[in-house]
Amino acid sequence: MGGMMGGRKKAALWALAAGSLWGTIGLFVKLLSGYGFSSIQLTVIRFVVSVLLVTLFFCWKNPGAFLIAPKDVVWFLVTGVCCMLFFNICYAVTISKSSMATAAVLLYTSPALVSVISVPLFKEKPCKRRFLSVLLAITGCAFVSGIFSSQMRISTETVLWGLGAAFGYAMYSITAGILLKRYSSMTVLYYTFVAAALAGIFIGQPQNAAAVIRANPETLIIFVLFSLLCNIFSYFCYNRALEKIEASSVSILASVEPVVAALLGFLILKEPITLAGVVGICCVLAAVLILNGPEKGKAEE
C-alpha cells in the first residue's frame, strides 16, 4: 500500500511539473508573435523542432524506441493531429486573442470533460473528492482569468477557440492513456509529435515562417527552448503521470498551469492580477491538496 501511495505522490509531482511548464507557453507565444509568426506557425515549428530533438536523442540513447506496431499508426495520427495539434493551435489562438490567464481558464474546463469520459471508457468510479477538485479547479481558473470581472470582455470567437483547446486536451489525455499501456512515454511522445508536425506543415505556411527565421536567426534558439520546456519536458512529465494515475486526476493536477501563467503574466508581461486572481490561485491549490490528501477510506476511490 505504501509503495502504491508513493507512486501516486510521484505521479502527482509529474503532473504538477507538466502544468507548471505549460504555464510558460504564453511567454513564448507573446515573444515570438512579435517577430511576425502566426499562431499556427508557432505551434507547427515547435513540433518540428521537437521531432528533430527527440530523433537525435533516440539515435544516441535508445534506437529501439522507434519501433511501433503498424496497427497503432492510426492511434498516433489521432493523438497527434486530432488531439495535440488541434489543441495547441486553439490554445495559441486563444492566447493571441485574449490573455495567458483567460486562455488557461478556457482550457481547464477539460478536467470536467476527462472525468466524464473516463467513467464509461476506463471504468473509473465516480469520486466525490475528484468531483470537488474539478469544481474547485474550474472555479479557480475562472477567478484567475478575471472572467467574473465586469471589466473583462471575452468574445464568442475566443470562447470557442478556448473550448476547442479544452476538447483537444481532454482527448489527448484519453488517447495517450491508451497508448501508454503499450509503449514508453517517450515513444508515445515522439510519434505524436511526428504526426502533429507532418500535418501542421501543410497549414503552417512554411515558406513564410522560414523567411522570418532567416531574417531573425535568434528565433531558432527561442524555438529550441520553447520546444524543450513546453513540448518535450512537459509532455514527458504528463505521460509519466498518466502511466500511474487516472487521466481525470492528472488533468486536474495540471490545472496549476493558469496559476503559473497568471503569475508569469503579472511578473514579466505586467498583466494585472487582482484579489479575484488571488482567490482563484487559492482555489486551484486547494483542488490539488484535496486530490492528494490522505485517504479517508476505500470508498473514496
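Student: What is the right way to read the overall build of the chain from this model?
Tutor: Across its full length, the chain holds 14 helices and 0 strands. Scanning the chain from its N terminus toward the C terminus, one meets helices and strands in the order α-α-α-α-α-α-α-α-α-α-α-α-α-α. Residue pairs in contact within the chain that sit at least 24 positions apart in sequence constitute 89% of those at least 6 positions apart.

Student: When you look at the packing of helix α4 (residues 73-97) against helix α8 (residues 156-179) in this model, what are you seeing that I'm missing?
Tutor: In contact at an axis separation of 7 Å, α4 and α8 are set at 150° when each is read in the N-to-C sense. Of the possible angle classes, the one that applies to α4 and α8 is roughly antiparallel. Handedness of the α4/α8 crossing: left-handed. Class assignment of the residues belonging to the contact of α4 with α8 gives a composition of 18 nonpolar, 7 polar and 2 charged.

Student: Help me understand a nonpolar patch on the surface in this model?
Tutor: On the surface, a nonpolar cluster with roughly 430 Å² of combined accessible area is contributed by Leu263, Phe266, Leu267, Ile268 and Leu269. Its location among the elements puts Leu263 in helix α13 (residues 257-267). Here Leu263 falls in the partly exposed class, since its relative accessible area comes to 37%.

Student: Which parts of the structure should I look at to understand the packing of aromatic side chains?
Tutor: For any two aromatic rings, the description comes down to two numbers: the centre-to-centre distance and the angle of the planes. In the structure shown here, the tally under the stated rule is 21 aromatic pairs. Ring centres 5.8 Å apart and planes at 90° place the aromatic pair Trp22 and Tyr169 in the edge-to-face group. Placement of Trp22 in helix α1 (residues 2-22) and of Tyr169 in helix α8 is noted, with a sequence separation of 147 residues between them. On the basis of relative accessible area, Trp22 is assigned to the buried category, the value being 2%. Tyr169 gets classed as buried once you look at its relative accessible area, which sits at 1%.

The rules we used
Residues numbered from 1 in each chain as written. Predicted model: local features only at pLDDT ≥ 70, side-chain atom pairs only at ≥ 80, totals over all residues. Heavy atoms only, no water. Helix = DSSP H or I, 4+ residues; strand = E, 2+ residues; numbered from the N terminus. Contact = heavy atoms within 4.5 Å. Axes fitted to C-alpha atoms, helices over the stretch in contact; angles between N-to-C directions. Parallel < 35°, antiparallel > 145°, perpendicular 65-115°, else oblique. Left-handed = near helix turned anticlockwise from the far one by under 90°. Nonpolar A, V, L, I, M, F, W, Y, C, P; charged D, E, K, R; others polar. Patch = residues over 30% accessible without salt bridge, like charges linked within 9 Å, V, L, I, M, F, W, Y side chains within 5 Å. Areas by Shrake-Rupley, 256 points an atom, 1.4 Å probe, with all protein chains shown as cover. Salt bridge = Lys/Arg side-chain N within 4 Å of Asp/Glu carboxyl O. Buried < 20%, exposed > 50% of the residue type's maximum accessible area, 1.4 Å probe, protein only. Phe/Tyr/Trp six-rings, centres within 6.5 Å; stacked < 30°, edge-to-face > 60°.

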